[in-house]
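Letter by letter, the chains look like this.
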Amino acid sequence: MTTKILVTDDISSAGIDVLSTLPDATVDVQTGLSPSELLVAIADADALVVRSQTTVTEQVIAAAKRLKVIGRAGVGVDNIDLEAATRRGILVINAPDGNTIAAAEHTFAMMISLARHIPAANRDLLAGNWNRKKWVGVELRGKTLAILGMGRIGTEVAKRAKVFGMTVLGYDPFLTEDRAQSLGVQKSDLDSAIRAADFITVHTPLTKETHHMIDAGKIAMMKEGVRIINCARGGIIDERALADALRLGKVAGAAIDVFESEPLALDHPLRQCENVILTPHLGASTVEAQENVAIQVAEEIVQVLRDDTFEHAVNLPSLSPRQKERLAPYLALAEQLGLFAAQLAQGAPSQMTVTYAGDAADPDGGYLTRTVLKGFFGFQYSGEVNYVNALRYAEDAGLRVQEVRESRGRVYTNEISISFATDAGSHRVSGTLYSESGPRIVELDGYPIDMPIEGILVYTRHEDKPGMIGRIGTLLGDAQINIAGMQVGRRETGGEAVMLLTVDKSVPNNVIDEIASHDGIRMVRAIEL
Ligand SMILES: NC(=O)c1ccc[n+]([C@@H]2O[C@H](COP(=O)([O-])OP(=O)(O)OC[C@H]3O[C@@H](n4cnc5c(N)ncnc54)[C@H](O)[C@@H]3O)[C@@H](O)[C@H]2O)c1
Ligand SMILES: O=C(O)CC[C@@H](O)C(=O)O
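No experiment lies behind these values; they were computed from the predicted model shown.

Asker: Which residues make up the sheet that holds strand S18 (residues 447-452), and what values go with them?
Answerer: What holds strands together in a sheet is hydrogen bonding between their backbones, with the strands either parallel or antiparallel. If you trace the six strands from one edge of the open sheet to the other, you get S14-S13-S15-S16-S17-S18, paired in mixed fashion. Taken across any chain shown, the strands that pair with only one partner, and hence form the sheet edges, are strand S14 (400-406) and S18. For this sheet, the mean angle separating the axes of adjacent strands, direction not counted, is 20 degrees. Helix H14 (residues 321-345) rests against strand S15 (414-422), strand S16 (425-434) and strand S17 (438-444) of the sheet, and its axis sits at about 160 degrees to S16.

Take a look at the structure:
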């Protein structure tokens, strides 16, 4: 089947060229779609590429029957229902740094334009006036700039402000003292920063915490005549409170590129204010930035559709190339153990502990645990569970998952163990990765075992007494099921023993029931990997 890549916003042709390199793919560019047209166009798309105009709602995601990836040619993904995409296992990727310089330069253009009344003076002159006295501005040198959000763009704004001779205060929970010092920025809390600033610029994402981070209360704390810039996201500043403060002169000027609702309504109060500069979400609108983000996102989409590695997933932990390389061999072990655990469970556990020991214990952003859960829930929901939505399946099932990392394995140089309890009992299954023979199961419910973790298995726990192994073998033989391998274990003579058999074909339920009803059998499971 041909792969369909749907592009619903204007992206640079350089990105379309990259998408077109994917064999057997059609690139379907349809911009300006109405919501109902989008629902039709998305139905058979494998990938969707958007900028900020297309709103990817839960409804759009539900209408997409084949969608694997949504690519955002830019940074902010607030026009995409991330939760709905994650639940459906749809990867969301962005292009986080392609437009950083464009947005930082736009912010600076806004700040200088505010300081020197450039748009207003321009309008006035074009209207036939020559008002040199009316448009006296202020210098940036010696002024204090508060930067709220010291990520990629905030940092670039800070560097430029330093060159202009400004004192820069940075507010960001993730800004370390060392990094602030190396940038020549004073690390500050929010209130101190906005109280001291002559200019305030916001560079955070829009989140529950940053929504109306600047509201009437915060504006009241600011200096008289402060100037405010927002080239990040509409909603970080309360637009109505800002418009009131502009009218009252508390805020001397505001330069706003992004709005709570875009396009900006004709009757929006900011349109009525004289001392504002408004641009229609142009922060990323440079030729260079649009080429960068389009190429970046297109390359990633091609990688995803080729099942190759990608870098900028928003709803998956990001791993360095070294981490990815190190992790790759453990993925099969983790997924097989998860699948094994699901068939061992027979009932829903409410708690699972996954222990990584020795070489398997390096930090991986939770990737291997997602893999375990992909195996665990994949047993029940087959093709629907992937790395993106595996945690959501656990949440929905009320399964609390805990990770434990131990520097040394108990026996092996690398070990992954899954422990859980259900109403039917507690279980623990451990595996290791041998460089020569791949993933193996090495412990089952506390008994040492050594078998490849693959194929069709029959697991029994039974009384350790003569004839048990023979009887189980006979029952399987009567059902024409050939035994290919066997491991047995026990702790003490006459106590409980375990047996793990590999068999050549699936064991029907009636045979399992027959084994289970046999005197001395405490538990039996058929496990297919
Ligand atoms: N106007 C445009 O066209 C345009 C272009 C590019 C980016 N953007 C927007 O600019 C913003 C910043 O982009 P970026 O690339 O610098 O992102 P980034 O992820 O590199 O930086 C965001 C920073 O905000 C900080 N932050 C998060 N919550 C915070 C809070 N409550 N208080 C203080 N700081 C907080 C984070 O720690 C991070 O350092 C985003 O909203 C992005 O969507 C707009
Ligand atoms: O697509 C655009 O031009 C806007 C991009 C910008 O808002 C972003 O978050 O990257």
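Okay, back to it.
Asker: Hey, could you go over the site of ligand 1 for me, with residue numbers and the actual values?
Answerer: Surveying the vicinity of ligand 1 reveals 31 residues, the closest of which are Gly 76, Gly 149, Gly 151, Ile 153 and Gly 283. Within the residue set of the shell around ligand 1, elements represented by two or more residues are helix H5 (100-116) and helix H7 (152-163). With three residues, the top contributor of residues to the shell around ligand 1 is H7. Residues of the shell around ligand 1, tallied by class, amount to 14 nonpolar, 12 polar and five charged. Here the shell around ligand 1 spans two domains, and each of domain 1 (3-97 + 288-316) and domain 2 (100-278) adds at least three residues to it.

Asker: Tell me about the site of ligand 2, residues and numbers included.
Answerer: Surveying the vicinity of ligand 2 reveals the residues Arg 51, Ser 52, Gly 74, Val 75, Gly 76, Asn 99, His 281, Gly 283, Ala 284 and Ser 285. By residue class, the composition of the shell around ligand 2 is two nonpolar, seven polar and one charged.

Asker: Please provide a residue-by-residue account of the packing of helix H17 (residues 468-478) against helix H18 (residues 509-517), values included.
Answerer: Where H17 contacts H18, the axes come no closer than 10 Å and their chain directions differ by 160 degrees. When the axes of H17 and H18 are compared, the pair comes out roughly antiparallel. Helix-helix and strand crossings are classified by hand; for H17 and H18 the assignment is right-handed. Contact residues: Ile 472, Leu 475 and Leu 476 in H17; Val 511, Glu 514 and Ile 515 in H18. A per-class count over the contact of H17 with H18 returns five nonpolar, no polar and one charged.

Asker: Requested: an account of the UniProt feature "domain: ACT" (unreviewed entry) in the chain, with residues and values cited.
Answerer: Following the UniProt record, the feature "domain: ACT" (unreviewed entry) maps to residues 457-529 here. Secondary structure over residues 457-529 splits into 27% helix and 42% strand, and the C-alpha atoms at its two ends are 8 Å apart.

Asker: Tell me about the pairing of S16, residues and numbers included.
Answerer: If a strand is regular, its side chains alternate between the two faces of the sheet. Where S15 lies against S16, seven bridges are found, and the strand directions are antiparallel. The partner of Ile 416 across the bridge, within S16, is Gly 431. Counted between consecutive antiparallel strands, the loop separating S15 from S16 contains two residues. Bridge count between S16 and S17: six bridges; the pairing is antiparallel. The residue bridging Tyr 434 from the neighbouring strand is Gly 438, located in S17. Here S16 folds back onto S17, and the loop between the two strands holds three residues.

Asker: Describe the confidence of the model for the chain, listing the residues and the values that go with them.
Answerer: Atomic detail in the predicted coordinates should be set aside for any region of low pLDDT. Per-chain confidence: the chain averages 95 in pLDDT, with 100% of residues scoring 70 or above. Reported for the predicted complex are a pTM of 0.88 and an ipTM of 0.99.

Asker: Outline the pairing of strand S13 (residues 351-358), listing residues and values.
Answerer: As paired elements, S13 and S14 share seven bridges and run parallel to each other. When the sheet's bridge partners are listed, Thr 353 is paired in S14 with Gln 402. Sheet topology note: the S13/S15 ladder contains seven bridges and is antiparallel. Within S15, the residue paired with Met 352 across the bridge is Phe 420.

Asker: Pulling in residues and values, what's your account of the domain arrangement of the chain?
Answerer: Domain annotation for the chain reports domain 1 (3-97 + 288-316), domain 2 (100-278), domain 3 (319-454) and domain 4 (456-529). Placing the centre of domain 1 and that of domain 4 at their C-alpha centroids yields a distance of 50 Å.

Asker: Can you tell me about the sheet that holds strand S9 (residues 199-202), naming the residues and giving the values?
Answerer: Sheet architecture is open: seven strands sit in the order S8-S7-S6-S9-S10-S11-S12, paired in parallel fashion. Here the strands that pair on one side only, and so sit at the sheet edges, are strand S8 (186-187) and strand S12 (276-278). Bridge count between strand S6 (residues 144-148) and S9: four bridges; the pairing is parallel. When the bridges of S9 are listed, Ile 147 appears paired with Thr 201. In the packing of helix H11 (residues 239-248) onto the sheet, the strands contacted are strand S10 (226-230), strand S11 (251-256) and S12, and the crossing angle to S11 comes to about 140 degrees.

What counts, and at which threshold
Residues numbered from 1 in each chain as written. Chains lettered and ligands numbered in written order. Predicted model: local features only at pLDDT ≥ 70, side-chain atom pairs only at ≥ 80, totals over all residues. Pairing = 2+ DSSP bridges. Helix = DSSP H or I, 4+ residues; strand = E, 2+ residues; numbered from the N terminus. Axes fitted to C-alpha atoms, helices over the stretch in contact; angles between N-to-C directions. Contact = placed C-beta atoms within 7 Å. Near = placed C-beta within 6 Å. Nonpolar A, V, L, I, M, F, W, Y, C, P; charged D, E, K, R; others polar. Domains from an automatic or database assignment. Parallel < 35°, antiparallel > 145°, perpendicular 65-115°, else oblique. Left-handed = near helix turned anticlockwise from the far one by under 90°. UniProt positions renumbered as here; feature names shortened; annotations may be inferred. pLDDT = per-residue confidence, 0-100.

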